[in-house]
Amino acid sequence: MHQLAIALLQKGYEITGSDDEIFEPARTNLQKAGLLPAREGWFREKLNGRLDAVILGMHAKADNPELIRAKELNLPIYSFPEYIFEESKKKKRIVVGGSHGKTTTTSMIMHVLKKAGKKFDYLVGARLEGFDQSVNISNAPLIVCEGDEYPASVLEKRPKFHFLFPHIAVITGIAWDHINVFPTFEFYLQQFNIFIDKIEPGGCLIYNETDEVLKKLVAGHPSQVERIGYGIPPHEIREGKTILWIDGKEGELKVFGNHNLLNLYAAYLACKRVDVDAQTFMNAISSFTGASKRLELLAQNSSTSVYRDFAHAPSKVKATMEAVKQQFPNRKLIAALELHTYSSLNEKFMNEYRGAMDAADSAAVFYSQHALELKRLPDLPKEKIIEGFGKEGLMVFNQKKELEEWLISQSYDDANLLLMSSGNYDGVDVTTFAHQITNTNS
């Protein structure tokens, strides 16, 4: 939301905003832009009949005083994605949806378009090298959006990606997530059917045909839009580097793993639809290092690499672990996963993780009591986690000190450490630890 506020200010609009808590980096970013509210909190008097639009964040509650006042004044109220669409009605829209890989795929498209000199706007859910913001709204003829399936706002419970109406739609894969919003897999699946319905006439759907659930969904959908299936492109691994071929053009990548190769091919097919040729794409993608916290290399030496990844859903955990193991088959893999989301901390969801950490030689799962309390969830017994994952020798910790002791006790000679979390391990300084173990072993 704060990134959108800054982008709209830069476009020339008059912007004001409120929040009851403002954290970093939002606070500093807003302050630099001259948009930081004088006081935190909600103030009815900020709302008046002269406002052209009120944009509602997804965390605002129904009893929000400013929202109530906006309704009393009959002001136009938009959710985040509804307003993005308002600003992009005259643009060609690329929208990337899927349960996993959408941030990386969106980032790849953005990276290539920038290298190719294309003018475009964007909306992406992570920090990306070469881009000052995660949202940009200008007069560009094209916009690239990450399409989230989470609800748009307290007033609009439908998924965000239902409001973006793509000309070029990408679906990277489907795996049940957000069980607090989508209590059954069938209900979750239906959201992707609706997303396909939203593709503009004459548009196209680019989809991962290696995902059997998605392949079946696309095959059974009555939409008449063009459908382009993709799989893993030809490649090989040479001394820890991935070499790739697309349409006869060769390139060496800085990212790796089958999931990233799938993301990359989807990005290529989307870029191709806006006149980026294979050679231009390969030249550009060779310098792509990944979105923030997506197989991010924290530290390394000749025998050890430490990666941090946002992976938390079962399909993401499995894909990330297999990618590291495949890239370094002769190294031991040590993996620590934090359960942090509503779904991952739910006992009923635990069986979805079965086999997700099987690629690890040494594995641990961590969750904090604080996270359970914040989400108002009941206690999560350790034995339920062990039973759900089905991983022999899996360690489970719910105290930060226990996790730190386990990490310190591991041998990192000829080994990689993979740290997976959408949280922060209850405050463990993983970056400092990564440098400590790689300096010790170098």
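Counting starts from 1 at the beginning of each chain's written sequence and moves along it residue by residue. Per-residue local features are limited, in this predicted model, to residues with pLDDT of at least 70; the limit for side-chain atom pairs, both in listing and counting, is 80 or more; totals at the level of whole chains, interfaces and linings are taken over all residues. Where side-chain values are given, they derive from all heavy atoms of the structure, hydrogens and water being excluded.

Q: Explain the packing of aromatic side chains residue by residue, including any values.
A: Describing an aromatic ring pair means giving the distance of the ring centres and the angle of the ring planes. Between 30 and 60 degrees the pair is tilted, below 30 it is stacked and above 60 it is edge-to-face, where a pair is any two Phe, Tyr or Trp rings, Trp via its six-membered ring, whose centres lie within 6.5 Å. With the rule as written, the count across this model stands at 20 aromatic pairs. With a centroid separation of 5.6 Å and 75 degrees between ring planes, the pair formed by F256 and Y307 is classed as edge-to-face. Of this pair, F256 sits in the loop between strand 12 (249-253) and helix 8 (258-272) while Y307 sits in strand 14 (residues 304-309), and the two are 51 residues apart along the sequence. Exposure is judged per residue with a 1.4 Å probe applied to protein chains only, and the accessible area is read against the type maximum: over 50% gives exposed, under 20% gives buried, and values in between give partly exposed. Given the relative accessible area of 6%, Y307 is considered buried. An angle of 40 degrees between the planes, with centres 6.4 Å apart, marks the rings of F366 and Y425 as tilted. With F366 in strand 16 (residues 362-366) and Y425 in the loop between strand 18 (415-420) and helix 14 (430-441), the pair connects residues that are 59 residues apart, well separated along the chain. Grouping residues by exposure puts F366 and Y425 together as buried. Through pairs of rings, three or more aromatic residues link up here, namely F161, F182, F187, Y188, F192 and F195. Sitting over the face of the ring of F131, K114 holds its NZ or CZ atom 4.8 Å from the ring centroid. Over the aromatic face of F310 sits the side chain of R294, whose NZ or CZ is 4.5 Å from the ring centroid. In this description a helix means any DSSP run of H or I spanning at least four residues, a strand means any run of E spanning at least two, and both kinds are numbered starting from the N terminus. Only when the NZ atom of a Lys or the CZ atom of an Arg is both within 6 Å of the ring centre and within 35 degrees of the ring normal do we say a charge sits over the ring.

Q: Can you tell me about the sheet that holds strand 11 (residues 241-246), naming the residues and giving the values?
A: Taken in spatial order, the three strands line up as 10-11-12 in an open sheet, and their pairing is antiparallel. Lying at the two open borders of the sheet, with one neighbouring strand each, are strand 10 (235-238) and strand 12. Here the average twist between neighbouring strands, direction ignored, is 25 degrees. Two strands form a pair only when DSSP identifies at least two bridges running between them. In this sheet, strand 12 lies alongside strand 11 in antiparallel orientation, the contact comprising five bridges. Directly across from I243, in strand 12, lies its bridge partner E252. Contact between two residues is taken to exist if any of their heavy atoms lie within 4.5 Å; hydrogens are not considered. Axis geometry follows a simple rule: fit a line to the C-alpha atoms, using only the stretch in contact for helices, then measure angles between N-to-C directions, giving values from 0 to 180 degrees. Lying over the sheet, helix 8 contacts strand 10, strand 11 and strand 12, oriented at roughly 30 degrees with respect to strand 11.

Q: Now, about the sheet that holds strand 8 (residues 204-208): what can you tell me, with residues and values included?
A: Spatially, seven strands are ordered 5-4-6-3-7-8-9 in an open sheet, and the strand pairing comes out mixed. At either margin of the open sheet sits one strand with a lone partner, and together these are strand 5 (135-136) and strand 9 (226-230). In terms of strand pairing, strand 7 (residues 168-171) meets strand 8 through four bridges, oriented parallel. Paired with I168 across the strands is C204, a residue of strand 8. Seen against the sheet, helix 6 (residues 185-197) touches strand 3 (92-97), strand 7 and strand 8 and runs at an angle of roughly 160 degrees to strand 7. Contacting strand 7, strand 8 and strand 9, helix 7 (residues 212-219) runs over the sheet at an angle of about 150 degrees to strand 8.

Q: Help me get a handle on unusual backbone geometry, residues and values and all.
A: Residue P25 is bonded to the preceding E24 through a cis peptide linkage, with omega at 5 degrees. Checked against the element boundaries, P25 lands in the loop between helix 1 (2-11) and helix 2 (26-33). Notably, N74 is not glycine yet its phi reads approximately 55 degrees, a positive angle. Topologically, N74 is positioned in the loop between helix 3 (65-72) and strand 2 (77-79). The phi dihedral of F165 is positive, around 45 degrees, even though this residue is not glycine. Here F165 is to be found in the loop between strand 6 (142-146) and strand 7.

Q: Can you tell me about the pattern of salt bridges, naming the residues and giving the values?
A: Counted as salt bridges are all cases of a side-chain nitrogen of Lys or Arg within 4 Å of a carboxyl oxygen of Asp or Glu. Taken as a whole and judged by the stated rule, the model has 17 salt bridges. E86 is the partner of K89 in a salt bridge, and the nearest nitrogen-oxygen pair spans 3.2 Å. According to the relative accessible area criterion, E86 is partly exposed, its value standing at 34%. Salt bridges sharing partners connect three or more residues here, namely R44, R69 and E72.

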